[in-house]
Amino acid sequence: FLERPLCHMLVLIFSCSYHLSDVLVRNPGYLSWLIEQNTLEQHKPYSEYRAELIIQNTTFHDRHRRLNSIKRYRRREMLRIGARDLLGLAPVEEITAELTFLADAVIETVASLSFEEEMEAAGRTGERWDTGGRRPFHRFAVCSLGKLGGTELNYSSDIDLLYICETEGGDESAFYTSLSQRITNLLAEPTGEGTLYRVDLRLRPDGESGPLVSTLQDHMNYLMRRAHPWERQALLKARHSAGNRSVSERFKENCDRVIYSSISSGDPLEEILLMRERAVMNLPPGERERNIKLMSGGIRDIEFIAQALQLVHGQSRPETRSRNTMEALERLHHYGIVSDDVLESLCGSYRLFRTIEHRLQMLRDAHTHTLPDSGAELQKLAERTANSALEHITSVTFPAEVGKAVRSVQQLFHSFFRERSAGEVPLLLSLPPGEKEVNTILSRYGIGEGKQAHRFLWSLAYGDFPRLEGPETLQAAVKSLPVILDAVSKTPAPALTLKNLTGIVKATGAVRSTMELLSAGGDFLRLFLNVSAHSTMLSAILRRRIEILDVLAEGLRPGSLVERMEAVQAIRGGAPVQAPLGESAGADGELSLREITRWYEEILLSIHCSHPIPENGPETLGPLYSDALEQVLRALFELNGGHETGAAIFTLGSLGGRQCRFGSDIDLIAVVPDDGSRQDAAHVLQRMAEDTRTVHLAPVDMRLRGEGSGSPLVQPIAYYEKYLDERADLWEHLALSKHRFLCGDKDTGNMFRTLVSKAMGRIERGTGLASGLKKARGKLESLSKGPWDVKHAPGGLYDIGFITGSAAITLPGASVRSLPLQELLPVLEDNGLIDHDDISTLTRAAGLYYLVKHAAALHGISYPPLPEREAFIGSYLHNLLGIEPCAEAVFTEYLGERRRGVRRVFERYIERLGAFSG
């Protein structure tokens, strides 16, 4: 019994494969079958596997027994193929072909069994599966990809399948979906006899989120419109495995038409490099030099060389196309594209690497490609590999031959892909969300929120369901995004900029052409960056009103609101829109309110784009924002019938001082003549306040009126004359120093201005004024909100406001009340109240405080910021203002330094004010 050939075979099986040894031990009868004549010597084609499976299954009628019978047959044939391999009776390409034919026969058998079960479930018993028929329920095919598609299956490969049908939908479509689920389950279902194959369906359209079965037309549409380059490349190996062969052939024709016609739309070599980089990145770092499949100079590099040459030459030379790697190389050699030396080197290396891969997998039936890292295990692998059809490989020559083959493939790969680069952005777009490398790449652009930013990039390149972008957009993204990301990286908060910019680009409805325009740089890119980097709020407006983009790009500024309203009214052929007092504005009023809102949005964008921050500060932006607000408020006053009340509306605070910023509160005060109706005027103000919310203005604040929030909204002139003379605090006089007529009855306005001037003239100057200022300022300091506060804190805006506001009291002879800060401070210097250096201290601090609050408001962030936003706003303001070092914790120190400087000026001012006689 133990004659030498039999003994040799047993030693090989027991020493090279625990898995095959276990099969033989559990089934000792297989041994006599192995040594029968022709069992090991002959190559078995697909037809023979299929015929044997049909015969084997005819003896069983129970589904469970039939499935186990298929598994036993497969296990026996795997033993036979493994023995042929170890005995060196067949080269590796013949071994992989047999493994593939066996898998095809199993898949076809399981598909047929599944079809019978589905037909029985549908009440159509007795109908056989006609794999060439076109009648309903027969127009279905199982196509293979990957190693199975290329007739290159391993001992422990997953099988990549696609389910394709030709149907109009309805019951037939549902039937095919259920059939696909049944086939998948039977192939992967474990029983007492184990499993057949691990099935991978992720190469179907839209991957795991896509439908299980694709129609020919749906799959074609997917390839044409949104398939990734690597998905099209994977279809090079598409092949019929089971079901209706004519459906598979039409499917393959569709694939070839797309694969080889899209060659001009992108560089296939760069796309293949991208796939290679992505595969290597998915490996643990410790395996990147030991994975015989994916390492540099490994199996995948040889496959990619063959695929790249087919993609380059396959359109004009269809005869070079082949799903099988070695066959493709031989065809390329036959037609003079690959030289003798290259063919010999690549095919020799491929045979060696695939044999090593087989030895790794057959040991324990494990899906592995990783070479051992210990010398002893590597020596065992060498000995197992020497047992093969590779004549020049021994356990002694193994290390040298493997090293030589790896270096040869590396050199050839580099020569084929010379001067090509996968590029960071293509790699980024090819990686799935959450990959560590995503964060690494994006961090080089200053983007820390990698996962979220990655979604924005994917949205630009691929679109969002159901509005998905075509392959032309992906190609534009690959070319444009490096320029765009480089520009984004120079903004104060790159991740936020990318988010806002993505939204604006998507809103254009022309993602591809917009990205191409942005990549050209120039004014268009600067415009996008200015809005997206500096204002989330304005980005939202631009997304909603994308038609404004062209106007902004041309630098055109909207006319006045009065002109806009007149133009709208002229188009409608109506009179100026006014709502009767006490009634709602109605349809016309609402329409006018929409026009006011639209104009205000346009003017905000225009101001921001034509006067970007931080180059422009309060001296430029203050009057522009103030003028815009005033126009809206006058229009709302008119719209609500304010002129019929005889009221006069005055602005105070930042609007009164024409120092408004984005999102400034609107401080108003209203007065009526002594015989006027306070109720009617209050009603107008209330409706104006409601309308400001519709127009998306900041709230109207009327707390600076006499007696504050507990008093009526509107008071007559006589009330204020008495109130200012008898009860008003010093801080109220300082607030009124910024009062400015906005709209309404001019006579009423003039009377109010006169009594305010008289009241200020009666205020005690010198020591009394100085002590009053100091006391009032102390009360406000108690409202300070910590190190971020630039308003109430010592050295904040109130210090500057008290200095400028008291000038109207101290210097009544000089027309200082209406002077802007940069003009008022020299007047105070001339009067000895401040020093020359104090001018710089105050103007710089006022500019900083303005920009800090303005920048936060542009992004919709409250100021002072909430604790969870402090880190972001600190980093953002540092980068925006160019402050070094750029650290969040330092920004409050920077603010503190400016506040301390202002406080020193304020204290000197108070001291000098006490001695000032005018």
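A word on helix α23 (residues 511-519)
Now for step 1: Within the span of α23, buried status applies to Val511, Thr514, Met515 and Leu518. Within α23, the buried residues cover an arc of 100 degrees as seen down the axis, which keeps them to one side.
Now for step 2: Trailing α23 by a residue or two, Gly521 shows a phi angle of about 75 degrees, which is positive.

Quick word on the side chain of His228
Now for step 1: With respect to the helices and strands, the residue His228 is situated in the loop between α9 (216-225) and α10 (229-234).
Now for step 2: Looking at His228, the relative accessible area reads 11%, which means it is buried.
Now for step 3: Only 3.0 Å separates the side chain of His228 from the side chain of Tyr462, close enough to count as a polar contact.
Now for step 4: With residues near it in sequence (within four places) discarded, His228 still touches Tyr222, Trp458 and Tyr462.

Here's the deal with the packing of helix α19 (residues 436-443) against helix α20 (residues 450-462)
Now for step 1: One way to put it is that α19 packs onto α20 with a least axis distance of 9 Å and a crossing angle of 85 degrees. Here α20 runs roughly perpendicular to α19, going by the angle between their axes. In this structure, α19 contributes Val438, Asn439 and Leu442 to the contact, and α20 contributes Gly450, Lys451, Ala453, His454 and Leu457.
Now for step 2: Class assignment for the residues of the contact of α19 with α20 results in four nonpolar, three polar and one charged.

So, empty space enclosed by the protein
Now for step 1: Under the criterion given, the structure shown has four cavities of 30 Å³ or more.
Now for step 2: Each pocket or cavity is described by its volume, and for the second largest cavity that value is around 70 Å³.
Now for step 3: If you go around the second largest cavity, the residues you meet are Leu145, Leu162, Leu203, Arg204, Pro205, His219, Tyr222, Leu223, Glu231, Ala234 and Leu235.
Now for step 4: Mapped onto the lining of the second largest cavity, the elements with two or more residues apiece are α9 and α10.
Now for step 5: The element contributing the most residues to the lining of the second largest cavity is α9, with three residues.
Now for step 6: In terms of residue class, the lining of the second largest cavity is built from eight nonpolar, one polar and two charged.

Comments concerning the pattern of salt bridges
Now for step 1: Evaluation of the coordinates by the stated rule reveals 54 salt bridges.
Now for step 2: Note that Glu193 and Arg75 form a salt bridge whose closest N and O atoms lie 2.5 Å from each other. Here Arg75 lies in helix α5 (residues 63-86) and Glu193 lies in the loop between α8 (170-188) and β3 (199-200), a separation of 118 residues in the sequence.
Now for step 3: In this structure Arg75 comes out as buried when scored by relative accessible area, which is 18%.
Now for step 4: Between Glu781 and Arg903 there is a salt bridge, with the nearest N and O atoms lying 2.5 Å from each other. With Glu781 in helix α35 (residues 767-781) and Arg903 in helix α40 (residues 888-915), this pair connects stretches of sequence that are 122 residues apart.

Conventions and cut-offs
- Residues numbered from 1 in each chain as written.
- Predicted model: local features only at pLDDT ≥ 70, side-chain atom pairs only at ≥ 80, totals over all residues.
- Heavy atoms only, no water.
- Buried < 20%, exposed > 50% of the residue type's maximum accessible area, 1.4 Å probe, protein only.
- Helix = DSSP H or I, 4+ residues; strand = E, 2+ residues; numbered from the N terminus.
- Arc of directions from axis to C-beta.
- Polar contact = N/O pair within 3.5 Å; in protein donor to acceptor, adjacent residues only side chain to side chain.
- Contact = heavy atoms within 4.5 Å.
- Axes fitted to C-alpha atoms, helices over the stretch in contact; angles between N-to-C directions.
- Parallel < 35°, antiparallel > 145°, perpendicular 65-115°, else oblique.
- Nonpolar A, V, L, I, M, F, W, Y, C, P; charged D, E, K, R; others polar.
- 1 Å grid on protein atoms, 1.4 Å probe; cavity = no way out; pocket = protein on both sides within 12 Å on 5 of 7 lines; lining within 4 Å.
- Points joined across faces, edges and corners; volume = space filled by probe spheres on them.
- Salt bridge = Lys/Arg side-chain N within 4 Å of Asp/Glu carboxyl O.

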